[in-house]
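Each chain, letter by letter, is given below.
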Amino acid sequence: DTGVSQDPRHKITKRGQNVTFRCDPISEHNRLYWYRQTLGQGPEFLTYFQNEAQLEKSRLLSDRFSAERPKGSFSTLEIQRTEQGDSAMYLCASSLGRASPYSGNTIYFGEGSWLTVV
Amino acid sequence: QQPVQSPQAVILREGEDAVINCSSSKALYSVHWYRQKHGEAPVFLMILLKGGEQKGHDKISASFNEKKQQSSLYLTASQLSYSGTYFCGTEEPEAGGTSYGKLTFGQGTILTVHP
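Description of the structure in this document. (Residues numbered from 1 in each chain as written. Chains lettered and ligands numbered in written order. Predicted model: local features only at pLDDT ≥ 70, side-chain atom pairs only at ≥ 80, totals over all residues. Heavy atoms only, no water.)

## Section: the side chain of A:Arg31
- Here A:Arg31 shows up in strand E4 (residues 31-37).
- The side chain of A:Arg31 sits in the buried core without any salt bridge; B:Glu91 is the nearest counter-charge, 6.2 Å away.
- At a separation of 2.8 Å, a polar atom in the side chain of A:Arg31 contacts the side chain of A:Gln50. (Helix = DSSP H or I, 4+ residues; strand = E, 2+ residues; numbered from the N terminus. Buried < 20%, exposed > 50% of the residue type's maximum accessible area, 1.4 Å probe, protein only. Lys, Arg positive; Asp, Glu negative; His and termini not counted. Salt bridge = Lys/Arg side-chain N within 4 Å of Asp/Glu carboxyl O. Polar contact = N/O pair within 3.5 Å; in protein donor to acceptor, adjacent residues only side chain to side chain.)

Okay, structure coming up:
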C-alpha cells in the first residue's frame with residue numbers, strides 16, 4: 001500500500017490524557033497536512049509542513065495541539081489534556097508540492113484516526 | 001469562510017444524472033472535489049485550477065468559473081458506487097500567486113443512488 005497511512009485508526013481516551021497520532025505520507029510527497037473532521041462536517045485545516053518545516057500552524061485549535069515532522073518524513077500530532085470536544089477524526093494528507101506556481105496540489109488523504117474522549 | 005454547497009442531499013436512481021454546486025465568496029486559486037463514504041477517508045476526484053477549466057473523468061466531470069468563484073460537479077449515468085458525501089475544497093491564492101494546499105471544505109452533499 002503506497003497511500004497515506006495513519007496510526008492508530010481508533011483511540012479511546014479519558015479526559016485529561018494525552019494522545020499522539022502518527023502519519024506516514026506517500027513516500028515522495030514533501031507536503032504534509034493535518035485536518036480534523038467532526039460528524040456531518042467537511043475536514044477542517046489544522047496545520048501544514050513542507051519537508052520538516054511547519055509553515056502554517058495558526059489554525060491549530062489551541063496550545064494543547066502540537067505537530068512535528070522531525071525528519072521531513074512521518075509526522076505526529078499530539079493533543080495534551082484531552083477534552084470531550086476533541087472527539088473527532090484526525091486526517092492526515094500529503095501532496096507533492098511543485099516549485100512552479102499554478103500547478104495545483106493534488107492532496108491525498110489517509111484513512112484517519114478516530115478519537116473518542118470519554 | 002467555508003464555501004457553500006448545494007444541494008445538501010440528493011437521491012437518485014441508477015442511471016440518473018446529478019449536479020453538485022460549490023460557491024465561494026472569495027477569489028480562488030483552485031477547487032478540489034472529493035467523495036467520502038461513511039467511516040472512510042475522502043477520496044480525491046479532481047482538481048480545477050483558476051483559468052476557468054473543465055475536467056472529466058469517466059462519467060464524472062467538473063467546471064470552474066473563476067469569475068463567479070463557482071464550481072460544479074457533474075455525475076452522469078450514476079452508479080451505486082457513486083453514493084457518498086461529496087465535498088468541494090477551495091484554495092485561495094497565497095502571496096506570489098502560489099499555493100500550498102490549504103483547503104477550506106464545504107459542508108458536503110450527500111448523494112444516495114438506489115437500484
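## What about the interface of chain A and chain B?
- Chain A puts 27 residues into the contact, and the matching count from chain B is 24 residues.
- Summing the contributions of chain A and of chain B, the shared interface buries around 2000 Å²; its carbon and sulfur component is 57%.
- Summed over the shared surface of chain A and chain B, the number is zero salt bridges.
- At the boundary of chain A with chain B, the tally comes to six residue pairs in polar contact (both at pLDDT 80 or more).
- Only E4, strand E5 (44-50), strand E9 (88-95) and strand E10 (108-109) of chain A provide two or more residues apiece to the side of chain A that touches chain B.
- Take the side of chain A that touches chain B: its biggest share by element is four residues, from E4(A).
- Taken together, the residues of the side of chain A that touches chain B break down into 13 nonpolar, nine polar and five charged. (Contact = heavy atoms within 4.5 Å. Buried area = accessible area lost by both parts, 1.4 Å probe. Nonpolar A, V, L, I, M, F, W, Y, C, P; charged D, E, K, R; others polar.)

## Examining the sheet that holds strand E3 (residues 19-24) of chain A
Residue and element names in this part refer to chain A.
- Pairing is antiparallel across the open sheet formed by four strands, whose spatial order is E1-E3-E8-E7. Among the strands making up the open sheet, the edge pair consists of strand E1 (5-7) and strand E7 (65-68). On average, each strand axis in the sheet is inclined to that of its neighbour by 15°, with strand direction left out of account.
- Direction of pairing for E3 relative to strand E8 (residues 75-79): antiparallel, over a ladder of five bridges. Each residue of the ladder has a partner; that of Val 19, found in E8, is Ile 79. (Pairing = 2+ DSSP bridges. Axes fitted to C-alpha atoms, helices over the stretch in contact; angles between N-to-C directions.)

## Here's the deal with the environment of B:Glu66
Residue and element names in this part refer to chain B.
- With respect to the secondary-structure elements, Glu 66 resides in the loop between strand E7 (60-65) and strand E8 (70-75).
- Residue classification places Glu 66 among the partly exposed residues on the basis of a relative accessible area of 34%.
- When the C-alpha positions of Glu 66 and Pro 115 are compared, they lie 36 Å apart, and in sequence the two are 49 residues distant.

## So, the environment of B:Gln5
All names here are of chain B.
- Within the element layout of this structure, Gln 5 appears in strand E1 (residues 4-6).
- Residue class for Gln 5 comes out buried when judged on its relative accessible area of 2%.
- Taking the C-alpha atoms as reference, Gln 5 lies 6.7 Å from Thr 109; in sequence the two are 104 residues apart.
- If we skip the residues at most four places from it in the chain, Gln 5 touches Ile 20, Asn 21, Cys 22, Trp 33, Tyr 86, Phe 87, Cys 88, Gly 106, Gln 107, Gly 108 and Thr 109.
- In this structure the side chain of Gln 5 is engaged in a polar contact, spanning 3.2 Å, whose partner is the backbone nitrogen of Gly 108.
- Here Thr 109 takes part through its side chain, which lies 3.2 Å from a polar atom of the side chain of Gln 5.

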